[in-house]
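Summary of structural features
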Amino acid sequence: MLAQLDLAPLRDAGAGGSGDVAGGADGGDDGAGGAGGGDDGAGGGGTATRGTLARDVAAACRDDGGFVAVGHGLGAVGELLDLAPALFALDPAQLDAIRVNAAGRGYTPPGSGAKPGFAPDVKEAFQANTPQPPDLRGTAARFDGVNQWPALDGFRPAFERGLAELERFARDLLALVAVGSGLGAGAFDTGGAGARAGSVGRPAVTLRLHHYPPADDDGGRRFGAAPHTDYGALGLVAERPAVGGLEAQDAHGRWRRVDTPPGALVVIVGDLLAWWSGGRLRALPHRVPIPAGGSRYTLAAFVNPPPAALLRPHRTDDRDGADSDAVTTADFVARLADRRTTADDVSAQPS
Ligand SMILES: O=C(O)CCC(=O)C(=O)O
Ligand SMILES: [Fe+2]
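Residues numbered from 1 in each chain as written. Chains lettered and ligands numbered in written order. Predicted model: local features only at pLDDT ≥ 70, side-chain atom pairs only at ≥ 80, totals over all residues. Heavy atoms only, no water.

**Comments concerning the packing of helix α3 (residues 50-63) against helix α6 (residues 155-180)**
Axis separation between α3 and α6 bottoms out at 7 Å; the angle between their running directions is 85°. Judged by the inter-axis angle, α3 sits roughly perpendicular to α6. Two secondary-structure elements touch here, α3 through R50, L53, A54, R55, V57, A58 and C61 and α6 through L173, L176, V177, V179 and G180. Classifying every residue of the contact of α3 with α6 by side-chain character gives nine nonpolar, one polar and two charged. (Axes fitted to C-alpha atoms, helices over the stretch in contact; angles between N-to-C directions. Helix = DSSP H or I, 4+ residues; strand = E, 2+ residues; numbered from the N terminus. Parallel < 35°, antiparallel > 145°, perpendicular 65-115°, else oblique. Contact = heavy atoms within 4.5 Å. Nonpolar A, V, L, I, M, F, W, Y, C, P; charged D, E, K, R; others polar.)

**Points about the sheet that holds strand β8 (residues 247-249)**
Pairing within the open sheet is antiparallel, and its four strands lie in the order β6-β11-β8-β9. With one partner strand each, in any of the chains shown, β6 (225-228) and β9 (255-257) form the two edges of the open sheet. The mean inter-strand angle of the sheet, taken between neighbouring strand axes irrespective of direction, is 25°. Note that β8 and strand β11 (residues 286-288) share two bridges and pair antiparallel. Note that in β11 the partner of A248 across the bridge is H286. (Pairing = 2+ DSSP bridges.)

**Quick look at the coordination of the iron ion (ligand 2)**
All of the protein donors around the iron ion (ligand 2) are H228 (NE2), D230 (OD) and H286 (NE2); their distances to the metal are 2.1 to 2.2 Å. Taken in sequence order, the residues that donate to the iron ion (ligand 2) follow the motif H-x1-D-x55-H. With D230 in the loop between β6 and β7 (234-240) and H286 in strand β11, this residue pair connects regions lying 56 residues apart in the sequence. D230 gets classed as buried once you look at its relative accessible area, which sits at 2%. Look at H286 and you get buried, because its relative accessible area is 5%. (Donors = N, O, S within 2.8 Å, 3.2 Å for Na, K, Ca; no water. Buried < 20%, exposed > 50% of the residue type's maximum accessible area, 1.4 Å probe, protein only.)

**Quick look at the environment of L173**
You can see L173 is positioned in helix α6. The exposure class assigned to L173 is buried, which follows from its relative accessible area of 0%. C-alpha of L173 to C-alpha of A128: the two residues are 45 residues apart in sequence and 21 Å apart in space. In contact with L173, other than residues within four places in its own chain, are L10, V57, F67, L234, L236 and V267.

**Structural notes on the sheet that holds strand β5 (residues 204-212)**
Here eight strands make up an open sheet; going across it, the order is β1-β2-β10-β7-β12-β5-β4-β3 and the pairing mixed. Two strands lie at the open edges of the sheet, namely β1 (4-6) and β3 (106-108), each paired on one side alone. Within this sheet the neighbouring strands show an average axis-to-axis angle of 25°, counted without direction. Inspection of the sheet shows β1 paired to strand β2 (residues 66-70) by three bridges, in the parallel sense. Pairing of Q4 across the sheet is with V68, part of β2.

**Some words on the packing of helix α4 (residues 75-88) against α6**
Running from N to C, α4 and α6 cross one another at 145°; their axes reach a closest spacing of 9 Å. When the axes of α4 and α6 are compared, the crossing they make is left-handed. When α4 is examined against α6, the residues G75, A76, V77, E79, L80, L83 and L87 are found in contact with a partner set consisting of F155, A158, F159, R161, G162 and E165. Its residues assigned to classes, the contact of α4 with α6 comprises eight nonpolar, two polar and three charged. (Left-handed = near helix turned anticlockwise from the far one by under 90°.)

Following this line, the structure appears as structure tokens:
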């Protein structure tokens, strides 16, 4: 059972930039002695303050691998989910015209992306990403590519607003997780010192809309989305309407329904963040059964440090930052992708 956390205090902090998250919650950095030290009284009336929120968020990411976020204030999420039915109802020829390219951008038909041991997922998807520097080389170049847009009024501007909004949100959230985990606020900074991003570009945000059409169950081999962990730092999932469907595996191996109130966002720790955190955080296995009562639409965002950023795990011993452990975001993600997916499903595909 994932915890439900109200992110309103993060929004207050976000208005002043990520630095405020660090400032507000720094008191928590030194462990128990910091309890209450970061609280700024912004909350009141039972709302957690930034310091307590940082600790609650980090505890949920450590024990469960994620949580259900309410009060996130992301306007583009609902707007994009409202556009999803019209997108997937487009003429097949229009969807074919924007068929997914080597960088994973565009339309992916149902039945792609089989995970080992499972039949192909029934979901279809549309994906666009934040622009990346044009000079990415080697594995990192897989993250570069052009977005392909459907001929649908208002779609592209709404998507681009969503990408920008989720990029800001993810940075604030990662700072909060870092502080709550007893690390510096910049420990998971996807655009700053933690990722050496000055020289390697901006964070990579992948934004996807999914449609899960009703389909025949074939006895458990076939899923809307088969069991997996996300490769990257964070996965963020919202549903329309909130009919449920996402299931998460707890630390004892039990699959549990994730209950989402309308407008909620499920925050999922990915493999990269679990590794980067030095094992402080748990990557959350999750899956989507075939929807029982009609079509299901979701929005999923995947957040990563810049593809060429050289990352080192924040180890729990004194070897923090050992060069032998360093790997770029792109290589980390590609290794997982190459291991887990069919050859034509590699690139910046997050899961
Ligand atoms: O659509 C969902 O509910 C989850 C999708 C998901 O887990 C993924 O695309 O990685
Ligand atoms: Fe996922």
